[in-house]
Amino acid sequence: MPTVKSYLPEDWAIVTLGFLIIILSLAGVVIAVPEYKWADSADLFGKVLTAANLLKMVVLFAFSFVVAILGALLIGKPVKPMLIVFPAVFALTTIALIAAGNATVNEYGIEAVIFSLVIGLLVGNLFKLPGWFRESLTSEFFVKIGLVLLGTTVVFTDMLKDGKLGLIQALVVVFSVWYFSFWVCKKLKIDNELTMMLSSAVSICGVSAAIATSGAIKGDSKKLSLVISLVLITAIPMMIFMPMIANYFRFPEAVTGAWLGGSIDTTGAVAASGSLVGETALKVSTIVKFSQNVLLGIAAFAISVYWTYTKNPNASDPDTKPTLKVIWERFPKFVIGFMIASLVFSFFLDSGARAAVKAPLKNLQGLWFALAFTCIGLETNFKDLASVESRKPVYAFLIAQTFNVLITLVLAYLLFS
């Protein structure tokens, strides 16, 4: 696929777009929130599918479409495929939002992101999507914009408090789960490259950690693809069933949030699962996941050191030599956007200004999350795992993930209850 000139790295583009949305909202460019709630067919056609409400959806589409196109331009992705892909993703997401707006569905507590995911999975696995279409899906990009916007609702002092506890949890989880996963892989005689990528993915932050590790060791792209598939596919049942388990056993929301943030491997799945539980769980889970993300640069640096000094075959490549620059390169910059948004809305805006943009920004945040999960569903191909020659990496990942879930739950109770 041809590329165009890149003006910003992806994370800085996300921060830029997130703050563009916030600044426009504060300046009075407020996007009206469409009505999605309905109880029966009379409601559906009398409230949701009216000309006035459909116009609101069109305006929302136009606004988010412009943001998505700007994003593609900033990071150097081809715009032409986005002209087809984004409208398709938005249409599927709108169907999910309307389905989730049904009163009966609301009684069962099924959120829009679940419908987005399921619709995406059905379309992505029942229909053969063109390669260029799949390559243009940007779930991580969308969810990170939503997370920057989430910073506008998080009180900075709470973030400092939960962030400190989250960092303690992250340190214990990352080190213990990484070494446990490494040990399991060695017992199953999995090769070194796959061991490093799998251990990093399950212990730190999923796809980003696998990519960072692969870059640090110049790993095989096919092995990286396997690990990414494992992360995405296992994140789906975890995202749905862990909140159910937490609700059944009546875990405190903060504990549930810390559990979700510390054990689910993708930032998007963490945000979605947290939103299934409540506002507190969403905020705590996001902050805890950010604490793990912060460790990504340090982990990539440590892996580079290990890979170099154990004299692996490609350790002589200058790009794998450990440098302190690796820490900054791997640091997720969108976390900075989240923190600045929290700081500004906590200390620099009066209550009137915050109240005026609270509902529109929350709506946009939810929209970007929903768009991201439609993309995740479309990106996830269950055939990827069926084509794997050896099942050992699958067993290793599942064993390590089970250990991760259990130890994180214990730590969440100790730190957040």
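One can find the structure itself at the top, above this paragraph.
Here's a quick rundown of the structure. Per chain, the residues get numbers from 1 upward, laid out in the order the sequence is written. Local features in this predicted model are restricted to residues of pLDDT 70 or higher, and side-chain atom pairs are both shown and tallied only at a pLDDT of 80 or more, whereas totals for entire chains, interfaces and linings draw on every residue. As a rule here, side-chain values cover all heavy atoms of the structure and leave hydrogens and water aside.

A short note on the overall build of the protein chain
Quick reminder of the rule: The helix count covers DSSP runs of H or I at least four residues long, the strand count covers runs of E at least two residues long, and both are numbered beginning at the N terminus. Buried means the residue's accessible area, taken with a 1.4 Å probe over protein chains only, is under 20% of the maximum for its type, while exposed means over 50%, and partly exposed covers the values in between. Working rule for contacts: check all heavy atoms of both residues, and any pair within 4.5 Å makes them a contact. All accessible areas in this document rest on Shrake-Rupley with a 1.4 Å probe, and a residue is counted as covered only by the protein chains that are shown.
A count of helical and extended segments in the protein chain gives 20 helices and zero strands. Residues classed as buried in the protein chain amount to 53% of the 417 residues present. Residue pairs in contact within the protein chain that sit at least 24 positions apart in sequence constitute 80% of those at least 6 positions apart. Total accessible area on the protein chain is roughly 18,300 Å²; 68% of this is exposed by carbon and sulfur atoms.

Examining the packing of helix α4 (residues 79–100) against helix α18 (residues 351–379)
Spelled out, the test is: Every axis corresponds to a line fitted to the C-alpha atoms, with the helix fit spanning only the stretch in contact, and the corresponding angles, defined between N-to-C directions, vary from 0 to 180 degrees. Here the angle decides the label: under 35 degrees means roughly parallel, over 145 means roughly antiparallel, 65 to 115 means roughly perpendicular, and every other value means oblique. For this classification, Asp, Glu, Lys and Arg are treated as charged, while Ala, Val, Leu, Ile, Met, Phe, Trp, Tyr, Cys and Pro are nonpolar and the rest, including Gly, are polar.
The geometry of α4 relative to α18 is characterised by a closest axis approach of 9 Å and an angle of 110° between their N-to-C directions. As judged from the angle between their axes, α4 and α18 are roughly perpendicular. From α4, F86, V89, F90, L92, T93 and L97 reach across to α18, where they touch L367, W368, A370, L371, T374, C375 and L378. Within the contact of α4 with α18, the residues separate by chemical class into 11 nonpolar, two polar and no charged.

A look at the nonpolar core
Here is the rule we go by: Put simply, a nonpolar core is a bunch of buried Ala, Val, Leu, Ile, Met, Phe, Trp, Tyr and Cys residues held in one set by side-chain atoms that sit within 4.5 Å of each other.
One finds I21, F86, F142 and W368 to be the most contacted residues of the largest nonpolar core, which totals 96 residues. A total of 12 residues in this core trace back to one element, the largest contributor, which is α18. Beyond its immediate chain neighbours, meaning those up to four positions away, F86 contacts F61, S64, F65, A68, F142, W368 and L371. Of all hydrophobic cores here, the second largest spans 26 residues; its members include V202, L226, V394 and F397.

Some thoughts on helix α1 (residues 10–26)
To keep things clear, this is the line we draw: In this analysis, the expected span of each helix is defined as 1.5 Å times one less than the number of residues it contains.
Its 17 residues give α1 an end-to-end C-alpha distance of 24 Å, which sits within 8% of 24 Å, the value for a rise of 1.5 Å per residue. Every buried residue of α1 is listed here: D11, A13, I14, V15, L17, G18, F19, I21, I22 and S25. Each element contacted by the buried residues of α1 is listed here: α3 (51–75), α8 (139–150), α17 (334–347) and α18. Where α1 ends, the next residue or the one after it, G28, has phi of about 110°, a positive value.

Some details on helix α10 (residues 192–205)
Structural remark: α-helix, 3.6 residues per turn; residues separated by three or four positions point the same way. Formally: Under the rule applied, a polar contact is a pair of N or O atoms within 3.5 Å (in protein, one hydrogen donor and one hydrogen acceptor; residues adjacent in sequence only if both atoms are side-chain atoms).
The terminal C-alpha atoms of α10, which comprises 14 residues, lie 20 Å apart, in line with the 20 Å expected from a rise of 1.5 Å per residue. Burial of α10 is extensive: 13 of the 14 residues sit out of reach of the surface. One side-chain oxygen at the N-terminal end of α10 lies 3.1 Å from the backbone nitrogen of E193; it belongs to D191.

Some thoughts on the packing of aromatic side chains
As a reminder, the rule being used: Pairing of aromatic side chains here covers Phe, Tyr and the six-membered ring of Trp, requires ring centres within 6.5 Å, and sorts the geometry by plane angle: under 30 degrees stacked, over 60 edge-to-face, intermediate tilted.
Scanning the entire structure with this criterion turns up 16 aromatic pairs. For the ring pair Y248 and F249, a centre distance of 5.1 Å and an interplane angle of 90° mean the geometry is edge-to-face. A relative accessible area of 53% places F249 in the exposed class. Within the aromatic cluster, the residues linked to one another by ring pairs are F61, F65, F86, F90, F142 and W368.

Points about the environment of E135
Examined against the element boundaries, E135 turns out to sit in helix α7 (residues 131–135). C-alpha of E135 to C-alpha of E379: the two residues are 244 residues apart in sequence and 8.6 Å apart in space.

Overview of the environment of I119
Considering the arrangement of structural elements, one finds I119 in helix α6 (residues 112–126). Sequence-wise, I119 and I95 are 24 residues apart; in three dimensions their C-alpha atoms are separated by 8.7 Å. If sequence neighbours within four positions are ignored, I119 has contacts with L92, I95 and A96.

Topic: the pattern of salt bridges
So the rule is basically this: The term salt bridge refers to a pairing of a side-chain nitrogen on Lys or Arg with a carboxyl oxygen on Asp or Glu at a separation within 4 Å.
By the definition in use, this model includes two salt bridges. Linking K362 and E279 is a salt bridge whose minimum nitrogen-to-oxygen distance equals 2.5 Å. Within this pair, whereas K362 is found in helix α18, its partner E279 is found in helix α15 (residues 279–309), the two being separated by 83 residues in sequence.

Focus: the side chain of T256
Position of T256 among the secondary structure elements: in helix α13 (residues 253–263). Under the relative-accessibility criterion, T256 is labelled buried at 0%. Look past the residues within four positions of T256 in its chain and what remains in contact with it is A246, F251 and V277.

Details of the packing of α10 against helix α20 (residues 392–416)
Keep this limit in mind: Two helices cross in a left-handed way if the nearer one is turned anticlockwise from the farther one by less than a right angle. They cross in a right-handed way if the turn is clockwise.
The contact between α10 and α20 brings their axes to 10 Å, and the two run at 30°. Here α10 is positioned roughly parallel relative to α20, judged by the angle of their axes. The two elements α10 and α20 meet at a crossing, and its hand is right-handed. Only P393, A396, F397, A400, Q401 and N404 of α20 make contact with α10, whose side of the interface consists of L194, L198 and V202. Of the residues assigned to the contact of α10 with α20, the class counts are seven nonpolar, two polar and no charged.

Description of a nonpolar patch on the surface
Heads up, the condition is: Each patch groups residues whose relative accessible area exceeds 30% and which form no salt bridge, using 9 Å between like charges and 5 Å between nonpolar side chains of Val, Leu, Ile, Met, Phe, Trp and Tyr.
Judged by side-chain polarity, F241, M244, I245, Y248 and F249 come together as a nonpolar surface patch covering roughly 590 Å² of accessible area. Tracing the backbone shows M244 in helix α12 (residues 221–248).

Remarks on unusual backbone geometry
Residue K189 is not a glycine yet carries a positive backbone phi of 60°. Its place among the elements puts K189 in the loop between α9 (156–187) and α10. We classify K189 as exposed; its relative accessible area is 72%. The phi dihedral of R250 is positive, around 55°, even though this residue is not glycine. Among the structural elements, R250 can be located in the loop between α12 and α13. Take R250: its relative accessible area is 74%, and that puts it in the exposed class.

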